[in-house]
Amino acid sequence: MDFLQPTSLTEALDIMSAHPEALPILGGTDVMVELNFDRRRPAQIVDLGRVAELDDWGAENGRLRIGAGVTYARLIADLGERLPGLAIASRTVGSPQIRNRGTVGGNLGTSSPAGDGLPPLYVSDAEVELVSSEGRRRVPVERFITGPKRNSLAPGELISAFLIPEAEGPQQYAKIGTRNAMVIAVCSVALALHPSERQVAACVGSAGPTPIRALDAERFIAGVLEEGNLWESPRALGDTALRRFGELVELAARPISDVRGTAAYRLHAVGVLGERTLKWAWNDYCGGSR
Amino acid sequence: MRTTPLPRPAPAPVQRPGVVGETTTRIDGGPKVKGEFEYSSDLWADGMLWGATLRSPHPHATIWSIDISRALALPGVYAVLTHEDVPGRKVYGMEIPDQPVLAWERARYQGEAIALVAADHPETARRACDAIDVAYEVLEPLSDPERAMAADAPKLHLSGNVLRHITLRHGDQAATADVVMTGEYEVGSQDQAFLGPESGLAVPDGDGGVDLYIATQWLHVDRDQLAESLGLSPEQVRLTMAGVGGAFGGREDLSMQIHACMLALHTDRPVKIVYNREESFFGHVHRHPCRMHYEHGATRDGELVYVKARIVLDGGAYASSSTAVCSNAACFACGPYNVPSATVDCSVVYTNNPPCGAMRGFGAVQVAFGHESQMDKLAAALGIDPVELRIKNALAPGHRLPTGQVVREPAPVAELLERLRAMPLPPDASPGPRDLRELPGGVSNTTHGEDVRRGIGYGVGFKNVGFSEGFDDYATARVALSLDGDGDPLVSVHTAAAEVGQGVVTVQAQIARTELQVERVAVLTADTQVGSAGSSSASRQTYMTGGAVKMACEAVRERLLQRVADHAGLDPFDLSLAGGAVIDSRGETVATLAEALVSAPIEETVEFHHAETYPLDENGQGDAHLQLAFSAHRAVADVDTRLGLVRVVELATTQEVGKALNPQALDGQIDGGSAQGLGLALLEEIQIRDSQVLNASFTDYLLPTILDMPPVKKQVLEHPDPDAPYGLKGVGEPPNISTPPAVVAALRSACSRELARIPVRPEQLAGIDEPRRSRPPAPGSRGPAGARPTRS
Ligand SMILES: Cc1cc2nc3c(=O)[nH]c(=O)nc-3n(C[C@H](O)[C@H](O)[C@H](O)COP(=O)(O)OP(=O)(O)OC[C@H]3O[C@@H](n4cnc5c(N)ncnc54)[C@H](O)[C@@H]3O)c2cc1C
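This text gives an overview of the structure that appears in the document. (Residues numbered from 1 in each chain as written. Chains lettered and ligands numbered in written order. Predicted model: local features only at pLDDT ≥ 70, side-chain atom pairs only at ≥ 80, totals over all residues. Heavy atoms only, no water.)

Some details on the packing of aromatic side chains
Our working rule: Whether two aromatic rings pair depends on their centres lying within 6.5 Å, for rings of Phe, Tyr and Trp, where Trp uses its six-membered ring; planes under 30 degrees apart make the pair stacked, over 60 edge-to-face, and the rest tilted. Strands are runs of DSSP state E lasting at least two residues, helices are runs of H or I lasting at least four, and both sets are numbered from the N terminus onward. Categorising residues by exposure relies on relative accessible area from a 1.4 Å probe, with only protein chains included: less than 20% of the type maximum marks a residue as buried, more than 50% marks it as exposed, and the intermediate range marks it as partly exposed. Criterion for a charge above a ring: Arg CZ or Lys NZ at most 6 Å from the ring centre, at most 35 degrees from the ring normal.
In this structure the tally under the stated criterion is 14 aromatic pairs over all chains. Measuring from ring centre to ring centre gives 5.8 Å for B:Y185 and B:F369, while their planes differ by 80 degrees; the resulting arrangement is edge-to-face. Here B:Y185 is found in strand β11 (residues 179–187), whereas its partner B:F369 is found in helix α9 (residues 364–382), with 184 residues between them in sequence. Taken together, a centroid distance of 4.9 Å and an interplanar angle of 75 degrees make the contact between B:F332 and B:F462 edge-to-face. Residue B:F332 is located in the loop between α8 (322–331) and β18 (341–350), and its partner B:F462 is located in strand β19 (residues 452–465); the two are separated by 130 residues in the primary sequence. Here the two residues B:F332 and B:F462 agree in accessibility, since each one is buried. Pairwise contacts between aromatic rings join A:W231, A:W282 and A:Y285 into one cluster. Note that B:R269 overlies the ring of B:Y78, its terminal NZ or CZ placed 4.9 Å from the centroid. Taking the ring centre of B:Y726 as reference, the NZ or CZ of B:K550 above it sits at 5.1 Å.

Brief notes about helix α11 (residues 263–286) of chain A
Where we set the bar: In this scheme, a helix's expected span is set at 1.5 Å multiplied by one less than its residue total.
With 24 residues, α11(A) ought to run about 34 Å at 1.5 Å a step, and its terminal C-alpha atoms sit 34 Å apart, in line with that. The buried fraction of α11(A) amounts to 20 of the 24 residues, a majority that puts the element mostly inside the structure.

Here we look at the sheet that holds strand β27 (residues 627–640) of chain B
All names here are of chain B. We count it as follows: A pair of strands counts as paired when DSSP detects no fewer than two bridges linking them. Helix axes are fitted to C-alpha atoms over the stretch in contact, other axes to C-alpha atoms as well, and angles between N-to-C directions run from 0 to 180 degrees.
Read across the sheet, four strands follow the order β19-β27-β28-β31 without closing on themselves; strand pairing throughout is mixed. Every interior strand has two partners, whereas the edge strands, β19 and β31 (712–717), have only one. Sheet twist, expressed as the mean angle between neighbouring strand axes with direction ignored, is 15 degrees. As judged from the ten bridges shared by β27 and strand β28 (residues 645–656), these two strands associate in the antiparallel manner. Pairing of V639 across the sheet is with V646, part of β28.

Examining empty space enclosed by the protein
Residue and element names in this part refer to chain B. Note the cut-off: Throughout, the protein atoms alone are placed on a 1 Å grid, and a set of points is a cavity if a 1.4 Å probe fits but cannot get out or a pocket if it is open with protein on both sides within 12 Å along at least five of seven lines; lining residues have an atom within 4 Å of a point. Grid points are joined across faces, edges and corners, and a volume is the space filled by probe spheres set on the points.
Throughout the structure, instances matching the rule amount to seven cavities of 30 Å³ or more. Roughly 230 Å³ of internal volume is contained in the largest cavity. As for the largest cavity, its lining consists of 22 residues, and the residues nearest its centre are Y92, Q99, Y109, L254 and G283. Among the secondary structure elements, those contributing two or more residues to the lining of the largest cavity are β6 (99–100) and α7 (277–283).

Regarding the side chain of B:Q192
All names here are of chain B. Stated formally: Between N or O atoms, a polar contact is any pair within 3.5 Å; within protein, one atom must be a potential hydrogen donor and the other a potential acceptor, and residues adjacent in sequence are included only when both atoms are from side chains. By definition in these notes, contact holds between two residues if any of their heavy atoms fall within 4.5 Å.
Its location among the elements puts Q192 in the loop between β11 and β12 (199–204). By relative accessible area, Q192 is classed as buried at 1%. In this structure the side chain of Q192 is engaged in a polar contact, spanning 3.0 Å, whose partner is the backbone oxygen of V285. When residues no more than four places from it in sequence are discounted, the contact partners of Q192 are A247, F248, G249, G250, H284, V285, H286, R287, A358, M359 and Q676.

Quick look at unusual backbone geometry
Peptide bonds are trans in most cases, and residues, glycine excluded, mostly fall at negative phi. Cis geometry is adopted by the peptide bond preceding B:P410, which originates at B:E409 and carries an omega value of -15 degrees. Along the chain, B:P410 turns up in the loop between α10 (386–392) and α11 (413–422). In this structure, B:P759 follows B:I758 across a cis peptide bond, with omega equal to -5 degrees. Inspection of the secondary structure puts B:P759 in the loop between β32 (757–758) and α17 (762–766). Unusually for a residue other than glycine, A:D38 sits at a positive phi of about 65 degrees. Among the secondary structure elements, A:D38 is positioned in the loop between α2 (31–36) and β3 (44–47). Relative accessible area serves as the criterion here: at 34%, A:D38 is assigned to the partly exposed category. Of note in this structure, B:F362 is not a glycine but carries a positive phi near 45 degrees. Note that B:F362 resides in the loop between β18 and α9. Classification of B:F362 as buried rests on a relative accessible area of 16%.

Side note on the pattern of salt bridges
Our working rule: Salt-bridge detection follows one rule: a side-chain nitrogen of Lys or Arg within 4 Å of a carboxyl oxygen of Asp or Glu.
Here the structure, examined in full by the defined rule, presents 67 salt bridges over all chains. With a shortest N-O distance of 2.7 Å, A:R213 and A:E218 are connected by a salt bridge. Grouping residues by exposure puts A:R213 and A:E218 together as buried. B:R557 is the partner of B:E515 in a salt bridge, and the nearest nitrogen-oxygen pair spans 3.2 Å. Pair noted here: B:E515 is in helix α12 (residues 504–516) and B:R557 is in helix α13 (residues 541–568), with a separation of 42 residues, a long-range link. Looking at B:R557, the relative accessible area reads 24%, which means it is partly exposed.

This is how it looks when you write it as structure tokens:
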């Protein structure tokens with residue numbers, strides 16, 4: 001096994017085009033587990049840890065462009081204000097050690113249905129930027145992830161960044177785990193208010209082959225907010241509306257039963273989380289914090 | 001002739017321990033915290049090979065053939081061994097040798113060892129394992145212990161599937177009661193989950209013998225089994241304790257010991273084996289899963305009249321210590337209560353599930369969940385406070401156990417409960433926004449207080465200390481009092497007691513310091529060059545090895561006083577030890593230790609046997625147990641009743657310890673035992689379906705984290721046991737026994753559900769047991785408030 005350590009993106013892409021099957025590694029918090037469990041024996045590993053371009057973030061046409069190698073710890077510290085939903089999700093990831101190493105780029109690379117970094121990207125219609133020696137393309141996250149641990153990364157291609165609008169309203173993320181820290185999501189819900197678009201976006205995680213946007217729930221609540229003119233004159237949402245929203249979030253989910261939880265529980269739980277995250281975000285909006 | 005130098009354990013560090021009763025910082029504590037401690041997985045010898053084990057992927061299969069030729073042909077592979085290469089007895093087992101060293105003809109559980117490889121690199125060894133061709137015929141596994149007991153079930157062993165059945169009949173078997181309460185309970189399979197995986201290093205001595213550096217709980221029982229299976233005399237098999245990364249019962253059985261020695265003897269090279277985490281789950285026995293049916297009869301005012309229990313323990317594929325676990329489950333099935341009549345039937349059976357054996361609490365943990373759940377149910381039915389009901393029926397000295405054995409002092413069950421109840425409760429949650437870490441779900445952000453209800457629950461438990469049922473339980477200690485190079489007195493203590501993290505090294509030093517009044521003590525590395533210490537299990541090591549060290553020190557002291565008396569022409573009975581000198585009855589120094597020891601050091605080796613115990617008769621009657629240890633727990637838990645998530649706010653406990661030898665180490669045992677009990681109540685289960693393990697990793701076998709485990713408030717009682725050294729009681733296991741029922745009682749009181757099985761899953765707590773798929777109402781429809789899709 002060759003361990004290759006490019007120091008620039010160009011060099012990394014050269015390597016990738018020479019060895020399209022090489023395994024990239026950022027924080028290694030997924031890769032090392034795979035190697036330790038003997039699930040993977042790549043001929044080459046490409047350590048992207050020295051590629052400075054991947055560690056950058058900045059503004060680009062009203063959106064944030066965040067390098068694939070930005071760790072959860074940095075997301076929380078540097079971008080917590082601008083991306084509160086992703087920051088809440090980042091705080092639920094693993095332990096301090098994992099957050100110091102793990103990256104959203106790696107989370108995208110793994111494309112696990114349980115990836116905590118993913119639902120917050122879905123509710124903000126983030127794009128994933130992919131590069132290869134052929135060039136650069138940007139794909140909506142929903143199209144990037146194609147199935148459980150499957151994505152549309154082509155051989156020789158790397159994830160260079162993701163693009164996401166700064167929050168313009170309250171955002172939430174809630175994750176069920178059987179224990180109170182260091183746990184893989186049994187299921188989760190991300191939710192974001194987009195006041196300028198008069199939209200509430202919701203996405204279930206770990207309750208289907210990929211994260212799934214709860215579009216019926218979104219349409220339902222958009223109607224309720226519209227009808228009551230609530231975006232302009234915010235008032236607390238009634239229990240019935242919250243509950244109905246939760247039910248519709250639940251209906252979006254397509255969970256399985258496994259060691260972490262039953263399908264029935266996941267359905268129930270995403271419903272409750274849908275209801276609660278909407279309540280928290282909406283109350284926040286009413287409180288005028290944004 | 002030996003070609004490889006033996007790894008040299010560092011010389012025993014000199015400690016300056018406090019006396020018995022004084023908190024003494026553990027000598028291994030600093031290095032462990034700093035990552036400097038050498039665990040068995042860190043062992044190294046020049047030129048060593050790496051061993052790996054091929055395991056059966058099938059829980060039940062016929063093995064038609066094993067072809068090792070491809071594996072042997074791989075470069076870097078030095079040996080590939082199968083059952084045909086086992087030099088001696090082909091089976092092993094502490095109590096019943098029924099487990100193949102390497103399987104032949106049949107594999108009886110998933111993960112059973114089939115073949116061994118030694119190679120120059122661990123990766124090569126693993127790849128060689130993959131190149132061994134085993135022809136299996138997969139058989140249907142016998143997964144259900146109830147089914148295994150049926151007359152027509154296929155036999156997994158020639159002796160049949162029932163490994164042991166205990167019939168216990170005590171008192172009036174026709175007793176009737178005003179109030180009758182029944183219940184069914186189940187306990188899942190907990191793993192010891194020690195952090196240091198199984199590992200060791202075998203070094204051939206060049207003359208056919210072998211030295212093994214190993215993390216184990218009982219060196220001598222390992223040695224004896226090794227000698228049998230290697231076809232060597234016990235003298236040819238020498239064991240030295242290597243750093244143990246936790247044990248909790250999981251290192252009582254052999255894992256890689258025989259395998260490493262076989263490979264080392266075969267290749268004439270040192271061989272190291274280290275399991276990884278996944279292999280570790282298959283490499284040791286687990287806590288017995290258990291199903292219990294209880295019936296309690298009581299008078300209207302809450303006096304227990306009878307207890308009936310039918311208990312089935314799943315022993316898995318091999319015997320391990322199942323027969324003793326079965327005895328404990330039967331003996332302690334009724335709880336620490338005065339039960340006039342008892343009818344207990346307890347079985348442990350073979351299945352194709354992972355083998356089960358010793359784990360902290362050893363049979364008492366499972367039944368404590370049963371009897372305590374019953375006490376709560378009974379209290380509710382009678383309208384009596386659950387603590388009051390327990391106190392009313394509390395076991396006390398003079399009562400008889402359901403085995404007929406009379407309970408001796410101290411057995412302050414009522415006092416433990418009264419003191420526990422009197423301990424202040426944690427304050428209610430403050431109103432207003434709360435730190436997420438204080439809420440169920442923690443930073444996962446699942447509730448900001450919605451649907452959170454608080455519950456309080458109590459549990460009390462007990463178990464035996466030391467080995468029971470007539471086993472001649474003993475420990476050996478060699479104590480030497482000498483002058484070191486500087487002419488300063490030094491006590492050396494040599495025993496084979498396994499330091500598994502409980503602090504036995506430090507406690508031995510404290511005892512030597514106390515008895516010989518010498519400040520400097522060195523506890524030598526445990527090995528088989530001194531006699532057996534027995535196992536570091538059954539909460540017995542401070543009692544037994546501590547007792548042996550005390551006795552050896554007394555013998556050394558006696559000889560010292562005799563020597564000084566002879567020299568000075570005095571009566572030894574007029575002399576005593578104080579402040580590093582031998583003094584007479586007026587306090588005058590007769591000789592300093594330096595003077596007394598200059599001619600020769602004094603060394604004594606003793607065996608300390610505990611008082612005799614007796615087997616149970618056909619009705620489960622007999623004085624089977626040496627000492628009983630008791631503890632009680634109170635749990636306060638916040639439950640998100642809609643999501644079924646939990647935060648245990650506080651654990652409080654009272655425990656009878658007889659005498660706290662090292663208060664800090666005692667705290668550690670209580671904290672750790674409570675955490676392990678909380679883990680069993682809420683999280684820790686090896687999930688098994690059709691005898692296959694589904695979660696052999698710490699990703700899905702969840703241990704409590706610091707955010708799951710609250711601080712533990714403790715009160716220890718120190719009523720001395722007149723028969724025990726310093727009056728002490730074993731302390732390691734009780735906290736693990738009384739925690740789970742207390743936690744579950746708190747959950748029940750918060751969510752008002754039955755919760756008949758541990759670990760309790762969020763599904764159970766939230767009442768989502770049934771598979772369900774909601775029928776989609778029309779999108780966008782508001783639906784009436786009550787029209788939530790089916791919810792059980
Ligand atoms: C103890 C522990 C706890 C964890 N807890 C959580 C949790 O709570 N929530 C959660 O979501 N995850 C969790 N994880 C998983 C992991 O930490 C996350 O998925 C993390 O985001 C991975 O990031 P990384 O930088 O470490 O990725 P790596 O392991 O370096 O890579 C992950 C995958 O992405 C690929 N990859 C990496 N970089 C690129 C690139 N630039 N272009 C293309 N492909 C690339 C790799 O080849 C690999 O397939 C946990 C892991 C551990 C070990």
